[in-house]
Amino acid sequence: MASGKNLREFQLRLSERLRQAASEPPKAARLGVQIGERNLLVALSEVGEIVALPGEITPVPLTHEWFRGLVNLRGSLYGVSDLARFEGRDPAPMTKSTRLLAFAPRLNLNGAIVVDRMLGLQNDAALTARQPREQVPGQTWLGPDWVDSEGRRWTELKLGELAVDERFLCVNR
């Protein structure tokens, strides 16, 4: 009899925990990446896939220096852009930790950006909004700044905005 009572109590506690978990808002997370000295947060819904450099990036003549070229990802051609260079900073180095972050298919752009390093998932609940910074004209793809519990600064990167930016889409010189 005692084991039946313990089982019933266990089921009641488990049921209560599940009810509590269902009533709490889901914890949101974003992907943390590093481009140059900047830590960026990208919504998971805007990320297609993340891949190590797939061998050679084929250069395309008569394009801007920030457009690295084309790569074949799973049978489809993707244009590769160096976001740091696009913003007028030093080009991203190609190292073992360099990755390509492809745009999600829903953004309708077979494109990828060069990422210096992956920094993993960042929990939104652990981030605090910073004083709004002055928006740089023409950089609608950069959102608000955040600070995590360790004091690291993060900037929101909106791939959806970048995917429709006329300057970003015009790779030819």
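Scoring rules and cut-offs
Residue indices follow the written sequence of each chain, beginning from 1 at its first position. Side-chain atom pairs in this predicted model are given and counted only at pLDDT of 80 or more, local residue features only at pLDDT of at least 70, and totals for whole chains, interfaces and linings cover all residues. Computation of side-chain values: all heavy atoms of the structure, hydrogens and water removed. Strands here are runs of E lasting at least two residues and helices are runs of H or I lasting at least four, both read from the DSSP assignment and numbered beginning at the N terminus. When accessible area is computed with a 1.4 Å probe and restricted to protein chains, residues below 20% of their type maximum are described as buried, those above 50% as exposed, and intermediate ones as partly exposed. By definition, residues are in contact when any of their heavy atoms lie within 4.5 Å. Only the protein chains shown count as cover for residues, and all accessible areas are computed by the Shrake-Rupley method using a 1.4 Å probe. For this document, the term salt bridge refers to a Lys or Arg side-chain nitrogen within 4 Å of an Asp or Glu carboxyl oxygen. We call two N or O atoms a polar contact when they sit within 3.5 Å, provided that within protein one can donate a hydrogen and the other can accept it, with sequence-adjacent residues counted only if both atoms are side-chain atoms. The nonpolar core is taken to be a set of buried Ala, Val, Leu, Ile, Met, Phe, Trp, Tyr and Cys residues, with the residues joined through side-chain atoms within 4.5 Å. Strands are treated as partners if at least two bridges between them are detected by DSSP. Only rings of Phe, Tyr and Trp enter the pairing, Trp through its six-membered ring, and a pair is recorded when the two centres are within 6.5 Å. The plane angle decides the type: under 30 degrees is stacked, over 60 is edge-to-face, the rest tilted.

## Some words on the overall build of the chain
Helices and strands together make up the secondary structure of the chain, namely four helices and eleven strands. Expressed as a percentage of the 173 residues in the chain, the buried residues total 36%. Within the chain, contacts between residues separated by at least 24 positions form 56% of all contacts whose residues are at least 6 apart in sequence. Surface summary for the chain: the accessible area is close to 10,800 Å², and the carbon and sulfur share equals 54%.

## Focus: the pattern of salt bridges
Summed over all chains, the structure comprises nine salt bridges. Between arginine 152 and aspartate 148 there is a salt bridge, and its shortest N-O distance comes to 2.7 Å. Arginine 152 sits in the partly exposed class, given a relative accessible area of 36%. A cluster of three or more residues bridged by salt bridges with shared partners is formed by Arg30, Asp124 and Glu156.

## Focus: the side chain of aspartate 148
Along the chain, aspartate 148 falls in the loop between β10 (142-147) and β11 (153-157). Side-chain polar atoms of aspartate 148 contact the backbone nitrogen of glutamate 150, separated by 2.9 Å. Here the side chain of aspartate 148 touches arginine 152 through a polar contact of 2.7 Å, side chain to side chain. Residues within four places of aspartate 148 in sequence aside, it is in contact with Ala126, Leu127 and Trp154.

## Points about the nonpolar core
Across soluble globular proteins, you tend to see nonpolar side chains buried next to one another. If you look at the biggest cluster of nonpolar residues, it comprises 24 residues, and the most contacted ones within it are Leu83, Leu101, Phe103, Ile113, Leu157, Leu159 and Leu162. Contributing elements (two or more residues each) for this core: β1 (29-35), β2 (38-43), α2 (83-86), β6 (99-103), β7 (111-115) and α3 (159-162). Here leucine 162 is in contact with Leu83, Phe86, Phe103, Ile113, Trp141 and Phe168, once residues within four sequence places are set aside. Among the nonpolar cores identified, the runner-up in size contains eleven residues, and Val71, Tyr78, Val80 and Ala92 belong to it.

## Topic: the sheet that holds strand β8 (residues 117-123)
As a general point, the strands of a sheet are linked pairwise by backbone hydrogen bonds and lie either parallel or antiparallel. Taken in spatial order, the six strands make up an open sheet running β8-β1-β2-β11-β10-β9, and their pairing is mixed. Looking at the sheet topology across the chains shown, the edges are occupied by β8 and β9 (128-129).

## Section: the packing of aromatic side chains
Here the structure, examined in full by the defined rule, presents five aromatic pairs. Centre to centre, the rings of tryptophan 66 and phenylalanine 86 are 4.7 Å apart; their planes meet at 75°, and the pair counts as edge-to-face. In this pair, tryptophan 66 sits in the loop between β3 (47-52) and β4 (67-73) while phenylalanine 86 sits in helix α2, placing the two residues 20 residues apart along the sequence. In this structure, tryptophan 66 and phenylalanine 86 share a single accessibility class: buried. Centre to centre, the rings of phenylalanine 103 and phenylalanine 168 are 6.2 Å apart; their planes meet at 40°, and the pair counts as tilted. In this pair, phenylalanine 103 is assigned in strand β6 and phenylalanine 168 in helix α4 (residues 166-169), connecting sequence segments 65 residues apart. Among the aromatic residues, ring-to-ring pairing joins Trp66, Phe86, Phe103, Trp141 and Phe168 into one connected group.

## What about unusual backbone geometry?
Look at leucine 62: it is not a glycine, yet its phi comes out positive at around 60°. Among the residues examined, leucine 62 registers a relative accessible area of 65% and is labelled exposed. Located in the positive-phi region is asparagine 108, a residue other than glycine, with phi close to 55°. Mapped onto the secondary structure, asparagine 108 falls in the loop between β6 and β7.

Bear in mind that shape data such as this cannot, by itself, settle questions of function.
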